[in-house]
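# Coordinate analysis (summary)
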Amino acid sequence: MKTLLIFSMMMFNYFQPDIATPVTKEYLNYSIIKDDKTIGNIRVERSLKDDITEYIFESRAKVKILYSIEIYDKMGVTFKQNILQQAKLYRTMNGKLKVNNTATWNGSFYNLSDKDGANGSLKQSIFSSTASLYFNEPGNIKSVFSEKFQKMIPIQKINSKKYRIDLPNGNTTTYTYSNGICTLVEANTDFANLKFVLNTNPK
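My aim in this report is to walk through the structure given alongside it, one point at a time. Since the model is a prediction, treat every value here as computed from it, not as a measurement.

Thresholds, definitions, all that
- Residues numbered from 1 in each chain as written.
- Predicted model: local features only at pLDDT ≥ 70, side-chain atom pairs only at ≥ 80, totals over all residues.
- Heavy atoms only, no water.
- 1 Å grid on protein atoms, 1.4 Å probe; cavity = no way out; pocket = protein on both sides within 12 Å on 5 of 7 lines; lining within 4 Å.
- Points joined across faces, edges and corners; volume = space filled by probe spheres on them.
- Helix = DSSP H or I, 4+ residues; strand = E, 2+ residues; numbered from the N terminus.
- Nonpolar A, V, L, I, M, F, W, Y, C, P; charged D, E, K, R; others polar.
- Core = buried A, V, L, I, M, F, W, Y, C linked by side-chain atoms within 4.5 Å.
- Buried < 20%, exposed > 50% of the residue type's maximum accessible area, 1.4 Å probe, protein only.
- Contact = heavy atoms within 4.5 Å.

Taken as a whole, the largest pocket spans an internal volume of roughly 720 Å³. Lining the largest pocket are 33 residues, and of these D73, R91, K148, T189 and F196 lie nearest its centre. Broken down by secondary-structure element, the contributors of at least two residues to the lining of the largest pocket are β3 (52–64), β4 (68–80), β5 (83–93), β12 (172–178), β13 (181–188) and β14 (193–198). Here the lining of the largest pocket is composed, by residue class, of 19 nonpolar, nine polar and five charged.

Below you can see the structure in the form of structure tokens.
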């Protein structure tokens, strides 16, 4: 009887369907500000499942200088056990492809490619990227991976809540945090000085 009971319990467990680990998703929404006017928006999503964290960054902005420039960005970045597995950046300006970058971890190094094809490799593990900075205050992290420039870039701590990145093209980006979440990004870009301001009222 005891043997039969144990067998029955084994069969019961065997035929139980696997309970899928739920995916936890969080969202941050930012207004893109130029000269005190809203010119676009950013939505950053973080999804967590088991040991995999994925960030999806999507932005749209319309800037008028001598003529109108419409910029669309989309980043998809995946970490497994806190190591970057893949980072993609896709950008268009007025509908024309400008950036199509991918960095893929093969277990030993990252294969890099851009819109023109293979673009070398990066031989080190990556634990933080610019996409992950929205949800994660860098703290004592010394450098982050740039999806645009496909290289590690030093990050400088200005004070307890503010950090700056000096980009290879001479531009700078400053991140300000509250409770570990980025509330303000000040971006000095090729075409304008912009602010990304966190919307405190979720949509």
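That covers the picture; the talk isn't over yet.
Counting 43 residues, the largest nonpolar core has Y30, V44, L84, Y134, F145, Y175 and F196 as the members making the most contacts within it. Here this core gets four residues from one element, more than from any other, and that element is β3. What F196 contacts, discounting residues up to four positions off in sequence, is Y30, S31, I32, I42, Y134, T183, L184, V185 and A187.

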